[in-house]
Amino acid sequence: MLVCRDARLARPDAEVFAHWICDLARAFRPEVILYGATAFGRELAPGVAVRLKTGLTADCTVLAMDPETGLLQQTRPAFGGNLMATIVCPAHRPQMATVRPGIFAAPAADETRAGEIRYVTLDASVAPRVRVVDAEPVGAGRSIADAERLVVVGRGIGSKKNLAVARRLADALGAELGCTRPLVEAGWLEYPHQVGQTGVSVAPKLLVSLGVSGAIQHLAGIGGAQTVIAVNEDAEAPIFGAAHYKVVGDCIEVAEALIDALA
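What comes next is a walk through the structure. (Residues numbered from 1 in each chain as written. Predicted model: local features only at pLDDT ≥ 70, side-chain atom pairs only at ≥ 80, totals over all residues. Heavy atoms only, no water.)

## What to know about the sheet that holds strand β4 (residues 62-65)
- One open sheet accounts for three strands, arranged β4-β5-β6; its pairing is antiparallel. Among the strands making up the open sheet, the edge pair consists of β4 and β6 (83-87). On average, each strand axis in the sheet is inclined to that of its neighbour by 25°, with strand direction left out of account.
- Where strand β5 (residues 72-78) and β6 come together, five bridges link them in antiparallel fashion. When the bridges of β6 are listed, R76 appears paired with A85. (Pairing = 2+ DSSP bridges. Helix = DSSP H or I, 4+ residues; strand = E, 2+ residues; numbered from the N terminus. Axes fitted to C-alpha atoms, helices over the stretch in contact; angles between N-to-C directions.)

Below, the structure written as structure tokens:
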């Protein structure tokens, strides 16, 4: 583990962090650098890639090492989310990718493993070019990316008034409420509830999907879910390909029956 204590790193200045990471990469020559695809990570990673003259794959949903070549296989949605592309960077180092929060479940802690802490410094010549005059916090609730249980609704719920049923089911399960992109675009729910490639990637222990067809953009965002229960009237809906338990039927009727069973 590399640790740097420096006041210049007290705030997320992408230019300062990029200088620091580039110096570390030149010193330690890592094969791979991964970033969280957060607002800051998406700003930081391209700056590092340009300075190191290497590649960067953004918003990966699957990462794997090719055992024969040792190359990092970086998979992400492409062509508007209509297919999944696997990208490699054979000629330049380090190989770099950003990964959306919630895509991978955290592994169990292994108390038998130990590491070494190494203290490093930031070059004294690096000076922030941005001065923060004032900062005003924006109120934000808990992100659905952190939810252990999630109820996700799609257009199949029929109308906005049926959101009340989904909320009641979420409350009965102690779950958060999520939705697909069309519901956000229709104004039924706000963007922080959107699950999928262009919204939030989630990895709950339980995900109940109501009236979601299962577009590839949405499926890319729920790949980390441990158990998926899908309800849809269309027996051929793509969501069933990602589900562990499948119910073909009216999602509102099934949701109300679940609420009664949980009461």
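Now that the structure has been shown, we can carry on.
## Describing the sheet that holds strand β13 (residues 245-248)
- The five strands lie next to each other as β10-β9-β11-β12-β13, forming an open sheet whose pairing is parallel. Since the sheet does not close on itself, it has two edges, and those belong to β10 (176-179) and β13, each with one partner. Mean inter-strand twist for the sheet, computed between neighbouring axes without regard to direction, equals 15°.
- Relative to β13, strand β12 (residues 227-232) runs parallel, the two sharing four bridges. By the bridge assignment, A230 is partnered in β13 with K246.

## Considering helix α3 (residues 163-173)
- Buried within α3 are the following residues: L163, V165, A166, L169 and A170. Down the axis of α3, the smallest arc covering the buried residues is 160°, so these residues share one side.
- If you follow the buried residues of α3, they end up packed against β9 (149-153), β10, β11 (206-210) and α6 (251-262).
- Note on α3: the residue one or two positions beyond its end, G174, has a positive phi of about 65°. (Buried < 20%, exposed > 50% of the residue type's maximum accessible area, 1.4 Å probe, protein only. Arc of directions from axis to C-beta. Contact = heavy atoms within 4.5 Å.)

## Here we look at helix α2 (residues 39-52)
- A rise of 1.5 Å per residue sets the reference length of α2, with its 14 residues, at 20 Å; its end C-alpha atoms lie 21 Å apart and thus fit the reference within 8%.
- Buried within α2 we find G41, L44, A45, G47, V48, A49 and L52.
- Structurally, α2 contributes buried residues whose contacts are with α1 (14-28), β2 (32-36) and β7 (95-99). (Expected span 1.5 Å × (residues − 1).)

## Thoughts on the pattern of salt bridges
- Taken as a whole and assessed by the stated rule, the structure comprises eight salt bridges.
- Between E148 and K205 there is a salt bridge, and its shortest N-O distance comes to 3.9 Å. Within this pair, whereas E148 is found in the loop between β8 (118-119) and β9, its partner K205 is found in the loop between α4 (181-185) and β11, the two being separated by 57 residues in sequence.
- For E148, a relative accessible area of 41% corresponds to the partly exposed category. (Salt bridge = Lys/Arg side-chain N within 4 Å of Asp/Glu carboxyl O.)

## Quick word on unusual backbone geometry
- Looking along the chain, the bond that leaves R93 and enters P94 is cis, with omega of 0°.
- With a phi close to 55°, K53 is a non-glycine residue in the positive phi region.
- For K53, the position within the fold is in the loop between α2 and β3 (57-60).
- When its relative accessible area of 66% is taken as the criterion, K53 is described as exposed.
- For D59, which is not a glycine, the phi torsion comes out positive at approximately 55°.
- Relative to the assigned elements, D59 resides in strand β3.
- For D59, a relative accessible area of 17% translates into the label buried.

## A closer look at the pairing of β10
- The pairing of β9 with β10 spans four bridges and is classified as parallel. Note on β10: the bridge partner recorded for V152 is G178.
- Assessed by its sense of winding, the connection that carries the chain from β9 through α3 to β10 is right-handed. (Right-handed = clockwise from strand over helix to strand, strands pointing away.)

## Thoughts on the environment of V151
- Here V151 is to be found in strand β9.
- For V151, a relative accessible area of 0% puts it in the buried group.
- Separated by 15 residues in sequence, V151 and A166 place their C-alpha atoms 7.1 Å apart.
- Contacts of V151, omitting those with residues within four sequence positions, involve A166, L169, A170, L173, A175, E176, L177, G178, V208 and L210.

## Concerning the packing of aromatic side chains
- Using the criterion set out here, one finds two aromatic pairs in the structure.
- Ring geometry for F17 against W20: centres 6.2 Å apart, planes inclined by 80°, an arrangement best described as edge-to-face. Placement of the pair is F17 and W20 together in helix α1, with a separation of three residues, close to one helical turn. Taken as a pair, F17 and W20 share a single burial class, namely buried.
- Judged by its relative accessible area of 16%, F17 falls in the buried class. (Phe/Tyr/Trp six-rings, centres within 6.5 Å; stacked < 30°, edge-to-face > 60°.)

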